[in-house]
Number of protein chains: 2
Amino acid sequence: MENKKENFSEWYNEIIDLAKLSDKRYAIKGMNVWLPYGLKIMRLIDNIIRDNVDNKSFQEVSFPVLITRSQLETEFEHIKGFENEIYWVTKGGSEKLDIELALRPTSESAMYTMFPLWIRSHQDLPLKIYQIVSVYRYETKHTRSFIRVREIHFFEAHTAHVDYGDAERQMSEYMDIWSSIAEKLCLPYNIDMRPDWDKFPGAKYTLAFDTLMPSGRSLQIGTIHEYGENFARNYDIKYLDINGDLKYVSQTTFGLSERLLAAVIGIHGDDTGLILPASIAPVQAIIIPIPGKSFKEVLDYSGKILSMLKDINVRAEIDSRENYTPGYKYNDWEMRGVPLRIEIGSREMESSTVTVVSRLNKKRLNISIKEINNIKNMLNEHDKQLTLNAWKMMEENTVFIDDINNIPMNKDVLIKAYWCGSRECSDALEQKKDVTALGTLYNLNDSGKCIVCGNPGRLSMFARSY
Amino acid sequence: MENKKENFSEWYNEIIDLAKLSDKRYAIKGMNVWLPYGLKIMRLIDNIIRDNVDNKSFQEVSFPVLITRSQLETEFEHIKGFENEIYWVTKGGSEKLDIELALRPTSESAMYTMFPLWIRSHQDLPLKIYQIVSVYRYETKHTRSFIRVREIHFFEAHTAHVDYGDAERQMSEYMDIWSSIAEKLCLPYNIDMRPDWDKFPGAKYTLAFDTLMPSGRSLQIGTIHEYGENFARNYDIKYLDINGDLKYVSQTTFGLSERLLAAVIGIHGDDTGLILPASIAPVQAIIIPIPGKSFKEVLDYSGKILSMLKDINVRAEIDSRENYTPGYKYNDWEMRGVPLRIEIGSREMESSTVTVVSRLNKKRLNISIKEINNIKNMLNEHDKQLTLNAWKMMEENTVFIDDINNIPMNKDVLIKAYWCGSRECSDALEQKKDVTALGTLYNLNDSGKCIVCGNPGRLSMFARSY
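Here the structure is a predicted model, which means the values were calculated and not measured. (Residues numbered from 1 in each chain as written. Chains lettered and ligands numbered in written order. Predicted model: local features only at pLDDT ≥ 70, side-chain atom pairs only at ≥ 80, totals over all residues. Heavy atoms only, no water.)

**Considerations on the overall build of chain A**
Right, on to step 1. Looking only at helices and strands, one finds 14 helices and 24 strands in chain A.
Right, on to step 2. Taken against the 2.2 N^0.38 rule, which gives 23 Å for 466 residues, the C-alpha radius of gyration of chain A at 25 Å falls within 12% of a compact globule.
Right, on to step 3. The C-alpha extent of chain A, read off along each of the three principal axes, is 80 × 55 × 50 Å.
Right, on to step 4. Within chain A, contacts between residues separated by at least 24 positions form 68% of all contacts whose residues are at least 6 apart in sequence.
Right, on to step 5. If you sum the accessible surface of chain A, you get close to 19,400 Å²; carbon and sulfur atoms cover 46% of it.
Right, on to step 6. Here chain A contributes 58 positive and 65 negative side-chain charges, whose respective centroids are spaced 4 Å apart. (Helix = DSSP H or I, 4+ residues; strand = E, 2+ residues; numbered from the N terminus. Rg over C-alpha atoms; globule rule 2.2 N^0.38 Å. Contact = heavy atoms within 4.5 Å. Areas by Shrake-Rupley, 256 points an atom, 1.4 Å probe, with all protein chains shown as cover. Lys, Arg positive; Asp, Glu negative; His and termini not counted. Charge placed at Lys NZ, Arg CZ, Asp CG, Glu CD.)

So, in structure tokens, the structure goes:
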């Protein structure tokens with residue numbers, strides 16, 4: 001296998017092939033086939049997202065994939081942000097369609113043409129919905145599995161509120177939801193307030209959750225947007241307030257995608273393959289029966305362990321493939337990132353124990369089946385350690401600089417510096433080294449002199465991005 | 001509400017609106033918005049399907065929605081079956097695409113261009129995969145929610161086998177899977193071997209699962225197809241057999257769609273609204289606290305009942321909406337088809353009981369909380385009774401005739417008659433009354449004289465179809 005540190009990009013492609021996550025040999029470049037193992041992991045990620053938004057009274061819906069040109073064109077500047085990336089359906093059978101239909105690049109225009117039918121009075125607010133669907137971008141840049149594709153597995157939440165204050169409270173709720181999701185996936189991140197020229201088309205402002213890949217390049221893995229009344233005024237989404245006055249709603253959105261999986265693969269894996277957080281591992285513990293004397297009994301005993309694990313809600317399986325050595329199986333499941341391996345031979349059977357091997361630190365532990373509950377703790381411990389490692393990796397690759405001449409030129413890192421927020425100063429940094437402004441750090445309030453012009457600035461992040 | 005018996009079609013549309021299953025006011029006719037309650041029911045149906053195929057070693061995948069024209073055109077007669085119904089993407093941004101891309105009408109051509117990459121030897125067989133996705137038809141006929149739409153929620157299983165015999169065994173396995181799914185949904189059906197002119201394009205033969213709607217019209221709710229080597233020869237899907245010889249695989253497919261939901265709505269509902277099988281009811285038991293003395297204690301007691309029900313895996317909820325009378329709530333949940341209503345007032349609290357009311361027969365039963373497990377039995381009983389009613393309704397609306405002059409002319413029914421299988425004789429029946437041949441009954445072997453020409457025939461079904 002490729003060396004992750006030295007050839008991250010090659011390593012990333014190789015592990016996706018080896019672990020059979022997706023197949024990019026499909027006839028259309030950038031449209032990949034989700035293979036069973038990759039799809040299972042993504043579904044577990046989806047379920048974490050669902051649990052977290054369902055908890056906050058969001059309701060799941062599913063809108064059509066096609067959007068008419070006139071629905072889209074209601075969107076003032078919004079459509080401009082996408083118009084070069086839209087796939088257009090222009091024919092049905094051999095007939096030319098009267099009106100061209102877009103494959104959704106995102107669903108504002110699909111949803112907001114329905115909102116006026118659903119929202120009449122303040123009693124209908126807040127409206128909080130989401131969907132998990134595919135969105136489409138006619139991507140001309142270089143594609144890369146799970147990072148830049150033309151058919152994107154996408155989560156989008158949309159809300160409408162009585163006023164801007166309530167929409168702002170929604171933005172805070174998104175932060176809580178996000179922090180819970182990121183924690184489950186063991187992912188480190190910064191919250192960057194995107195510069196105005198890089199915010200979502202139509203938004204008042206955009207906050208992005210950015211992580212760092214081992215290549216030193218930044219990866220946007222989530223965004224939340226405050227729309228204020230921008231969309232409501234264009235789609236005429238009004239409600240009767242408590243005094244009987246007609247008012248525009250304020251709106252927000254929250255978007256996530258299969259990039260979460262890209263981050264999990266890239267950040268946690270090692271030179272042996274994937275390392276999955278237990279929270280999203282389709283198999284959390286793989287049981288490997290070791291051939292030898294009394295093998296039939298060993299198999300029975302393994303079956304007993306399996307059902308004990310299932311009883312305590314551990315996703316476990318037995319690898320009972322014939323014609324494969326235990327060694328082959330160890331490597332195979334390590335490569336697929338399973339957090340714990342459970343070896344069971346005649347010695348374990350006779351002593352009523354199991355031998356548990358950690359994917360992360362390779363430590364072996366012989367535990368009594370009376371303590372089988374400990375497997376749960378070991379899975380939690382696995383996730384904790386992954387989280388620590390991941391944050392550490394990001395911190396180690398973040399460099400604070402107070403002098404533009406101190407930019408590390410020989411490798412990609414996350415650069416932290418005071419910045420006045422102007423385009424000119426970020427362009428100056430980009431000229432010095434190929435980095436762009438991710439934005440000012442949202443959760444910090446300290447200030448200092450802009451590293452370029454010396455005017456008052458805020459702590460901000462710069463990096464090469466995917 | 002509309003009278004279901006007299007105005008089935010109006011009743012059907014009305015209940016979909018009232019129960020908020022889907023919204024058909026979207027800008028594109030026949031592309032509807034899945035609303036939260038409808039989507040929840042469909043997801044529960046999907047999970048029943050998943051459980052049943054996962055059990056039989058199928059693996060879930062997800063293929064791109066777009067298919068190139070050349071992938072499709074490999075398909076000999078297959079493409080002809082769809083060519084008037086395909087939505088074509090011809091532009092990306094403002095550029096004309098080099099090659100036109102189809103929105104999948106079904107996924108043979110998407111999958112079978114990948115199969116040669118996945119199948120090398122007999123050890124890769126059988127290959128058994130499925131996906132649950134949307135498929136698209138540029139439908140020119142009158143659309144109807146869940147029955148005939150342009151964006152269809154679809155399940156498709158695809159298999160490849162070493163030979164025809166193994167593919168035939170797969171067809172039998174599909175029968176078992178189907179019968180288990182239909183049982184869970186409490187749906188009656190016949191298995192009809194479609195006439196040659198009505199089989200799936202490219203198939204050797206098609207077996208359809210047909211049910212009967214209360215309108216007297218037949219509804220196809222599932223199909224399985226034997227492809228033999230038809231597709232393998234066109235897509236060049238070969239494997240090395242145990243002797244090292246290259247051979248074509250044999251293939252089959254199994255398709256289901258949101259029509260399962262249409263059948264559930266149409267067949268089980270009544271003049272009060274939906275009646276959902278407990279197996280797919282998002283809420284199986286709704287708890288309604290009755291205001292009165294000690295209401296706070298009644299609410300606490302209701303909470304206790306809720307957690308007892310959750311402990312025995314009953315999907316239960318408390319309707320704690322203020323400003324609504326119990327009577328309003330009873331009607332609301334009846335309309336939404338919840339199998340059991342649990343009324344809790346101070347009397348129930350003081351006697352440590354609950355009052356359970358059946359949606360199906362309105363019977364009230366006061367049971368002790370010590371017997372709360374009985375709720376599970378009552379849910380099973382509900383599904384049993386729904387199944388009996390549904391099969392009875394289909395039987396009562398099936399008429400066996402041995403004389404073409406005895407066709408009931410004034411209402412739509414399912415007609416059972418001996419038939420030689422020829423197009424001429426089915427056309428003769430169609431001329432007499434607007435019915436088409438659904439096919440010969442698959443699971444029967446008795447024979448008799450064709451009702452039209454008098455030649456040897458098999459027992460067959462005729463009806464107006466959706």
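Having seen the structure, we can now continue with the description.
**As for the packing of aromatic side chains**
Right, on to step 1. Applying the stated criterion to the full structure yields 52 aromatic pairs over all chains.
Right, on to step 2. The structure contains a cluster of three or more aromatic residues connected by ring pairs, namely Tyr26 of chain A together with Phe63, Phe82, Tyr112, Phe115, Trp118, Phe200, Tyr227, Phe231 and Tyr235 of chain B.
Right, on to step 3. The positively charged end of Arg69 of chain A is found above the aromatic ring belonging to Trp88 of chain A, 4.1 Å away from the centroid.
Right, on to step 4. A cation over a ring is seen here: Lys4 of chain B above Trp11 of chain B, with NZ or CZ 5.1 Å from the ring centre. (Phe/Tyr/Trp six-rings, centres within 6.5 Å; stacked < 30°, edge-to-face > 60°. Lys NZ or Arg CZ within 6 Å of the ring centre and 35° of its normal.)

**Some words on the sheet that holds strand 4 (residues 66-68) of chain B**
Adjacent strands of a sheet form backbone hydrogen bonds with each other and so pair up, either parallel or antiparallel.
Right, on to step 1. Reading across from one edge, 4(A)-6(A)-5(A)-5(B)-6(B)-4(B) is the order of the 6 strands in this open sheet, with antiparallel pairing throughout. The outermost strands of the open sheet, each flanked by one partner alone, are strand 4 (66-68) of chain A together with strand 4 of chain B. Across this sheet, the average inter-strand angle for adjacent strands is 45 degrees, counted without regard to direction.
Right, on to step 2. Pairing geometry for strand 5 (residues 87-92) of chain A and strand 6 (residues 95-103) of chain A, over 4 bridges, is antiparallel. Bridge assignment links Trp88 of chain A to a residue of strand 6 of chain A, and that residue is Ala102 of chain A. (Pairing = 2+ DSSP bridges. Axes fitted to C-alpha atoms, helices over the stretch in contact; angles between N-to-C directions.)

**Let's talk about the relation of the copies chain A and chain B**
Each of the two chain copies goes to the other by way of a rotation about an axis and a shift along it.
Right, on to step 1. Between chain A and chain B, the superposition needs a rotation of 180 degrees and an axial shift of 0.0 Å, giving an RMSD of 0.0 Å. The transformation just described matches what one would write down for a two-fold rotation axis. Every residue of chain A has its C-alpha some distance from the rotation axis, and the shortest such distance is that of Val89 of chain A, at 2.0 Å.
Right, on to step 2. Of all interface residues in chain A, 100% are interface residues in chain B too; the two copies therefore contact each other through one and the same surface. (Least-squares fit on C-alpha atoms with pLDDT ≥ 70 in both.)

**Points about the sheet that holds strand 19 (residues 364-368) of chain B**
All names here are of chain B.
Right, on to step 1. Pairing within the open sheet is mixed, and its 5 strands lie in the order 16-15-17-18-19. Each of the sheet's edge strands pairs with one partner strand only, and the pair in question is strand 16 (316-318) and strand 19. For this sheet, the mean inter-axis angle between neighbouring strands, taken without regard to orientation, is 25 degrees.
Right, on to step 2. In this fold helix 13 (residues 374-396) packs onto strand 17 (340-344), strand 18 (353-358) and strand 19, with an angle of close to 145 degrees to the strand it touches most, strand 17.

**A look at the pairing of strand 6 of chain A**
Residues and elements named next belong to chain A.
Right, on to step 1. Sheet topology note: the strand 4/strand 6 ladder contains 3 bridges and is antiparallel. Paired with Thr68 across the strands is Leu101, a residue of strand 6.
Right, on to step 2. In textbook terms, the turn of a hairpin is the stretch between consecutive antiparallel strands, and for strand 5 and strand 6 this stretch comprises 2 residues, one of which, Gly93, has a positive phi near 60 degrees.

**Points about the interface of chain A and chain B**
Right, on to step 1. Residue-level contacts link 50 residues of chain A with 50 residues of chain B.
Right, on to step 2. Buried area between chain A and chain B, both sides added, is near 4,200 Å², and the carbon and sulfur share of it is 61%.
Right, on to step 3. Among the residues of chain A in contact with chain B, Tyr26, Pro64 and Lys91 of chain A are the three that bury the most area, contributing 13% of the side total.
Right, on to step 4. For the pair chain A and chain B, the number of links is 4 salt bridges.
Right, on to step 5. Glu60 of chain B is paired through a salt bridge with Arg43 of chain A; the nearest N and O atoms lie 2.8 Å apart.
Right, on to step 6. In this structure, the connection of chain A to chain B is made through 23 residue pairs in polar contact (both at pLDDT 80 or more).
Right, on to step 7. Going through the elements one at a time, strand 2 (33-34), helix 2 (36-54), strand 3 (59-60), strand 4, helix 3 (69-73), strand 5, strand 6 and helix 6 (115-118) of chain A are the ones with two or more residues in the side of chain A that touches chain B. (Buried area = accessible area lost by both parts, 1.4 Å probe. Salt bridge = Lys/Arg side-chain N within 4 Å of Asp/Glu carboxyl O. Polar contact = N/O pair within 3.5 Å; in protein donor to acceptor, adjacent residues only side chain to side chain.)

**What about the pairing of strand 9 (residues 190-193) of chain A?**
Residues and elements named next belong to chain A.
Right, on to step 1. One ladder, built from 4 bridges, connects strand 9 with strand 10 (residues 205-212); its direction is antiparallel. Residue pairing in the sheet places Met193 in a bridge with Leu207 of strand 10.
Right, on to step 2. Sheet topology places strand 9 next to strand 22 (residues 436-441); 2 bridges connect them, and they run antiparallel. Bridged to Met193 within strand 22 is Thr440.

**Here's the deal with the side chain of Ser460 of chain B**
Residue and element names in this part refer to chain B.
Right, on to step 1. Considering the arrangement of structural elements, one finds Ser460 in strand 24 (residues 456-463).
Right, on to step 2. A polar atom in the side chain of Ser460 sits 2.9 Å from the backbone oxygen of Arg458.
Right, on to step 3. The residues touching Ser460, leaving out its near neighbours within four places in the chain, are Ile415, Lys416, Ala417, Trp419, Gly439, Thr440 and Leu441.

**Thoughts on helix 11 (residues 326-335) of chain B**
Residue and element names in this part refer to chain B.
Right, on to step 1. Within helix 11, burial applies to Lys329, Tyr330, Asp332, Trp333, Glu334 and Met335.
Right, on to step 2. Turning to helix 11, the residues buried within the fold contact helix 1 (8-18), strand 15 (285-289), strand 16 and strand 17.
Right, on to step 3. Within two residues after helix 11, Gly337 carries a phi angle of roughly 80 degrees, on the positive side. (Buried < 20%, exposed > 50% of the residue type's maximum accessible area, 1.4 Å probe, protein only.)

**What about the packing of helix 2 of chain A against helix 7 (residues 164-184) of chain A?**
Residues and elements named next belong to chain A.
Right, on to step 1. Two elements in contact, helix 2 and helix 7, have axes whose closest approach is 10 Å; the angle formed by their N-to-C orientations is 150 degrees. Taken together, the axes of helix 2 and helix 7 are roughly antiparallel relative to one another. Read as a crossing pair, helix 2 and helix 7 show a hand that is right-handed. Between helix 2 and helix 7, the residues in contact are Ile48, Ile49, Asn52 and Val53 and Ile177, Ser180, Ile181 and Lys184, respectively.
Right, on to step 2. Taken together, the residues that form the contact of helix 2 with helix 7 break down as 5 nonpolar, 2 polar and 1 charged. (Parallel < 35°, antiparallel > 145°, perpendicular 65-115°, else oblique. Left-handed = near helix turned anticlockwise from the far one by under 90°. Nonpolar A, V, L, I, M, F, W, Y, C, P; charged D, E, K, R; others polar.)

**Quick notes on helix 14 (residues 423-432) of chain A**
Residue and element names in this part refer to chain A.
Right, on to step 1. Within helix 14, burial applies to Cys425, Ser426 and Leu429. When helix 14 is viewed along its axis, its buried side chains cluster within an angular range of 100 degrees and face the same direction. Seen from the buried face of helix 14, the exposed residues on the opposite side, beyond 90 degrees, are Glu424 and Gln431.
Right, on to step 2. On the buried face of helix 14, the contacting elements are strand 21 (414-419), strand 22 and strand 24 (456-463). (Arc of directions from axis to C-beta.)

**Overview of the pattern of salt bridges**
Right, on to step 1. Evaluated as defined, the whole model comprises 56 salt bridges over all chains.
Right, on to step 2. Across the pair Asp319 of chain A and Lys329 of chain A runs a salt bridge whose closest N-O atoms are separated by 3.6 Å. Of this pair, Asp319 of chain A sits in the loop between strand 16 (316-318) and helix 11 (326-335) while Lys329 of chain A is found in helix 11, placing the two residues 10 residues apart along the sequence.
Right, on to step 3. Asp319 of chain A sits in the buried class, given a relative accessible area of 3%.
Right, on to step 4. Where salt bridges share partners, they join Arg69, Glu73 and Glu100 of chain A together with Lys91 of chain B into one cluster.

**Comments concerning the environment of Glu343 of chain B**
All names here are of chain B.
Right, on to step 1. Mapped onto the elements of the fold, Glu343 is located in strand 17.
Right, on to step 2. On the basis of relative accessibility, which here comes to 6%, the residue Glu343 falls in the buried class.
Right, on to step 3. Sequence-distant contacts of Glu343, defined by excluding residues within four places in its chain, comprise Ile288, Ile290, Tyr330, Glu348, Val354, Thr355, Val357 and Arg364.
Right, on to step 4. One polar contact links Glu343 to Tyr330, side chain to side chain, over a distance of 3.5 Å.
Right, on to step 5. In terms of polar contacts, Glu343 uses its side chain to reach the side chain of Arg341, at 2.9 Å.

**Re the environment of Phe8 of chain A**
Residue and element names in this part refer to chain A.
Right, on to step 1. Mapped onto the fold, Phe8 is located in helix 1 (residues 8-18).
Right, on to step 2. Distance in space between the C-alpha atoms of Phe8 and Arg150 is 22 Å, their sequence separation being 142 residues.
Right, on to step 3. Once you skip the residues sitting within four places of it in the chain, Phe8 turns out to touch Asn3, Met213, Pro214, Ser215, Gly266 and Tyr466.

**Focus: unusual backbone geometry**
Residue and element names in this part refer to chain A.
Right, on to step 1. Of note, the amide linkage connecting Leu125 to Pro126 takes the cis form, showing an omega dihedral of -5 degrees.
Right, on to step 2. With respect to the helices, strands and loops of the structure, Pro126 is situated in the loop between helix 6 and strand 7 (127-136).
Right, on to step 3. We note that Asp236 has phi near 55 degrees; this positive angle belongs to a residue other than glycine.
Right, on to step 4. Relative to the helices and strands, Asp236 resides in the loop between helix 8 (230-235) and strand 12 (238-240).
Right, on to step 5. On the accessibility criterion, Asp236 (41% relative accessible area) is partly exposed.
Right, on to step 6. Phi is positive for Asn323, which is not a glycine, with a value near 65 degrees.

**As for the side chain of Glu258 of chain B**
Residues and elements named next belong to chain B.
Right, on to step 1. As for its position among the elements, Glu258 is in the loop between strand 14 (250-257) and helix 9 (259-268).
Right, on to step 2. Put simply, Glu258 is tucked away with no salt bridge, and the nearest opposite charge, on Arg259, sits 8.5 Å away.
Right, on to step 3. Contacts of Glu258, omitting those with residues within four sequence positions, involve Trp34, Met42, Phe146, Val149, Glu151, Ile152 and His153.

Read these as geometric descriptors, not functional statements.
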